Amino acid sequence: MRILICEDSVLLREGLVRLLDQSGHDVVAALPDASGLTAAVAETDPQLCVLDVRLPPSYTDEGIRAALGLRATRPDLPLLVLSQYVEERYATELITAHGGSLGYLLKDRVADVSDFLDAIDRIAAGTTVLDPEVVTQLLTRRDEDDRLKRLTDRERTVLAALAEGKSNHAIAALLFLSEASIEKHITAIFQKLGLEQDESGNRRVLAALAHIESTHGSQSAEPGRGGTVR
């Protein structure tokens with residue numbers, strides 16, 4: 001797979017290049033900032049872009065703005081966004097933007113090599129993959145949403161797994177249930193959220209987090225857990 005990386009940390013950037021190269025992927029570009037991103041994408045035609053949330057020069061939202069820009073110019077291009085901390089506002093912007101598959105992971109996940117490489121493959125295949133911590137914050141901070149209150153505890157567990165990009169088979173194994181039972185729970189979730197069921201991997205997560213749509217843009221960004229977020 002042709003992969004483009006945009007990450008300012010030299011250690012992480014070079015580590016990703018080595019890891020992906022050793023895993024059989026082709027890193028077509030490794031950029032320290034987003035200034036040359038558009039040109040690099042046009043020149044190398046990557047199949048997946050990996051971007052840091054915060055990039056030079058201001059280390060605020062350059063990575064997110066670059067990702068949203070790619071959504072506008074290359075809507076089908078799969079994106080994996082890496083963040084030091086959960087940035088709920090940024091995650092919401094990306095999830096609600098129309099386009100191809102998406103990954104939003106904390107940088108700590110890169111250390112679990114097998115899971116990280118699996119996430120790369122799933123995003124490239126069209127599945128939206130969200131970090132469990134992102135899912136937890138998005139769900140708990142929207143508990144006031146009446147649609148979520150309709151769900152049983154088991155349905156909320158299935159919902160969280162859906163939002164993380166897990167397949168029916170993986171959820172069934174996680175909860176020690178049959179796939180038929182998981183399918184019933186998913187059907188109930190879609191019904192209670194008032195949405196039509198969509199089996200495409202990239203859109204199922206949007207149903208799982210549909211409550212974001214009604215509150216999108218109504219909250220300011222939450223501060224990080226301390227220090228400068230990068």
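Residues numbered from 1 in each chain as written. Predicted model: local features only at pLDDT ≥ 70, side-chain atom pairs only at ≥ 80, totals over all residues. Heavy atoms only, no water.

Draft legend 1. Representation of the UniProt feature "modified residue: 4-aspartylphosphate" (unreviewed entry) in the protein within the structure. Mapped onto the present numbering, the UniProt feature "modified residue: 4-aspartylphosphate" (unreviewed entry) falls at Asp52. Inspection of the secondary structure puts Asp52 in strand E3 (residues 48-52). (UniProt positions renumbered as here; feature names shortened; annotations may be inferred. Helix = DSSP H or I, 4+ residues; strand = E, 2+ residues; numbered from the N terminus.)

Draft legend 2. Fine view of the packing of helix H8 (residues 153-163) against helix H10 (residues 179-192). As a packed pair, H8 and H10 sit with axes 10 Å apart at the nearest point and diverge in direction by 90 degrees. The angle between H8 and H10 falls in the class roughly perpendicular. In this structure, H8 contributes Arg154, Glu155, Val158, Leu159 and Leu162 to the contact, and H10 contributes Ile182, His185, Ile186, Ala188, Ile189 and Lys192. Taken together, the residues of the contact of H8 with H10 sort by class into 7 nonpolar, 1 polar and 3 charged. (Axes fitted to C-alpha atoms, helices over the stretch in contact; angles between N-to-C directions. Parallel < 35°, antiparallel > 145°, perpendicular 65-115°, else oblique. Contact = heavy atoms within 4.5 Å. Nonpolar A, V, L, I, M, F, W, Y, C, P; charged D, E, K, R; others polar.)

Draft legend 3. The pattern of salt bridges, seen in detail. Overall, the coordinates contain 10 salt bridges when judged by the stated rule. Here Arg122 and Asp118 are joined by a salt bridge, their closest N and O atoms 3.0 Å apart. Pair noted here: Arg122 and Asp118 are both in helix H5 (residues 113-124), with a separation of 4 residues, about one helical turn. Given the relative accessible area of 24%, Arg122 is considered partly exposed. Through salt bridges that share partners, Arg2, Asp45 and Arg74 make up one connected network. (Salt bridge = Lys/Arg side-chain N within 4 Å of Asp/Glu carboxyl O. Buried < 20%, exposed > 50% of the residue type's maximum accessible area, 1.4 Å probe, protein only.)

Draft legend 4. Highlighting the nonpolar core. Leu4, Leu37, Cys49, Leu79, Val81 and Tyr104 are the most contacted members of the largest nonpolar core, which totals 47 residues. Broken down by element, this core gets its largest block of residues, 6 residues, from H8. Filtering out sequence-adjacent residues up to four positions away, Leu4 remains in contact with Val28, Ala29, Leu31, Leu37, Ala40, Val41, Thr44, Pro46, Leu48, Cys49 and Val50. Core analysis: the second largest hydrophobic core is formed by 20 residues, Leu16, Leu19, Leu48 and Val50 among them. (Core = buried A, V, L, I, M, F, W, Y, C linked by side-chain atoms within 4.5 Å.)

Draft legend 5. Main features of H10. With 14 residues, H10 ought to run about 20 Å at 1.5 Å a step, and its terminal C-alpha atoms sit 20 Å apart, in line with that. All of the buried residues in H10 are Ile182, Ile186, Ala188, Ile189 and Phe190. Two residues or fewer past H10, Gly194 is found with a positive phi of approximately 70 degrees. (Expected span 1.5 Å × (residues − 1).)

Draft legend 6. Geometry of the confidence of the model for the protein. With 82% of its residues at a pLDDT of 70 or more, the protein has an overall mean of 82. When mean pLDDT is taken per element in the protein, strand E1 (residues 2-6) scores highest with 98 and helix H12 (residues 211-215) scores lowest with 46. In this model, residues 211-230 is a region of pLDDT below 50 whose contacts with residues beyond four sequence positions or in other chains number 43 contacts. (pLDDT = per-residue confidence, 0-100.)

Draft legend 7. Summary view of the pairing of strand E2 (residues 26-31). Sheet topology places E1 next to E2; 5 bridges connect them, and they run parallel. Along E2, the bridge assignment pairs Leu4 with Ala29. Handedness of the crossover is the feature at issue here: the chain leaves E1, passes through helix H1 (residues 10-22), returns alongside E2, and the resulting connection is right-handed. (Pairing = 2+ DSSP bridges. Right-handed = clockwise from strand over helix to strand, strands pointing away.)

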